[in-house]
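Analysis of the macromolecular model
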Amino acid sequence: SSGINAEYGGDNQQLIVNMKDEATRLKNRQTRFLNDLDITKDGVIYFTDSSSRHPRKYNLYAFLEGGPHGTLFSYDLNTLEIQVLMSGLHMPNGVQLAADESYLLVSETVRARIIRYWLKGEKAGSWDFFATNLPGYPDNIRRRENGGYWVGMAAIRRHPFSLVDYLAPYPQVRATITKILPYYLLRSLASQYGMVVVLDEFGNILDSLQDPGGAVVPSVSEVAEIGGVLYIGSYHSNYIARLTLRNEF
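Figured I'd write up the structure that's included with this text. What you see is a predicted model, and the numbers here were worked out from it, not measured in a lab.

Calculation criteria
Residues numbered from 1 in each chain as written. Predicted model: local features only at pLDDT ≥ 70, side-chain atom pairs only at ≥ 80, totals over all residues. Heavy atoms only, no water. Buried < 20%, exposed > 50% of the residue type's maximum accessible area, 1.4 Å probe, protein only. Helix = DSSP H or I, 4+ residues; strand = E, 2+ residues; numbered from the N terminus. Core = buried A, V, L, I, M, F, W, Y, C linked by side-chain atoms within 4.5 Å. Contact = heavy atoms within 4.5 Å. Patch = residues over 30% accessible without salt bridge, like charges linked within 9 Å, V, L, I, M, F, W, Y side chains within 5 Å. Areas by Shrake-Rupley, 256 points an atom, 1.4 Å probe, with all protein chains shown as cover. Salt bridge = Lys/Arg side-chain N within 4 Å of Asp/Glu carboxyl O. Arc of directions from axis to C-beta.

We note that alanine 112 has phi near 55°; this positive angle belongs to a residue other than glycine. Note on alanine 112: relative accessible area 1%, which makes it buried. Unusually for a residue other than glycine, asparagine 133 sits at a positive phi of about 50°. Mapped onto the secondary structure, asparagine 133 falls in the loop between β12 (127-131) and β13 (136-143).

What follows is the structure, encoded as structure tokens:
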């Protein structure tokens, strides 16, 4: 058994995924932090498991530890086959198909970069970097109505000093901190800064939207554009922010 029961269809094209337990094994791999997904017109689901070590409620531990414990999976609704496409990822998060479904974008949050996994053409099955050295740690990625992508930043990279960047070369130190630092204290240290980055179809940064004090949007988990209006969600907020876009966006 694949461990997944999924149904896709109906007038509203709803996708219902039922897993008895997020902490299950898929293709003999432990999953504890199933995250984002996207689905092709042919019924193939692409989804991430952000960490095989830390569940969602301890997402900051997974973020600070930043180890290669994440996986990108595919699940074919027609054949019921599940595949591991990439493993050893550093907190893979958002998933977004290109408009023509030629490639898939996956945010590798802790590494502040976005991976492009090719699905069609001579590059199919290979991957490269779509965007690197981003100003924050990317969460979900969504297509823009005018082309390119919206990328929500779970947190920004503080300058001149970012603790996560500073500890990047020291995995053992990061792992030790997650064992001794109470979670509530780690949460209290998280920065309050909302940022959405605009990328073109080549991964170049075109612009950004920012809430420096986090007064309305303390961080950004999700961005959705509908009819010239941007809806912004945060994992740490109990509401959705709404922003009417100017013509330049």
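What tends to happen in soluble globular proteins is that the nonpolar side chains get buried as a cluster. Within the largest apolar cluster, 17 residues are counted, with the highest numbers of intra-cluster contacts made by Tyr103, Leu105, Ile114, Phe130, Tyr149 and Leu199. Going through the elements one at a time, β10 (103-108), β11 (113-118), β12, β14 (149-156) and β15 (194-199) are the ones with two or more residues in this core. The greatest single-element share of this core, amounting to 4 residues, is contributed by β14. In contact with leucine 199, other than residues within four places in its own chain, are Ile114, Phe130, Ala131, Leu134, Arg144, Gly148, Tyr149, Val151, Asn204, Ile205 and Leu206.

Moving on, we get to a nonpolar patch on the surface. Where nonpolar side chains cluster on the molecular surface, the patch consists of Phe161, Leu163, Tyr166, Tyr170 and Val173 and spans about 510 Å² of accessible area. With respect to the element layout, valine 173 can be found in helix α3 (residues 171-180). Classification of valine 173 as partly exposed rests on a relative accessible area of 40%.

Right, let's talk about α3 for a bit. For α3, the full list of buried residues reads Arg174, Ala175 and Thr178. The arc that holds the buried residues of α3, viewed along the axis, is 95°, so those residues lie on one side. Those residues of α3 that are exposed and aimed more than 90 degrees away from the buried face are Gln172, Lys179 and Ile180. Against α1 (59-65) and α2 (163-167) lie the buried residues of α3.

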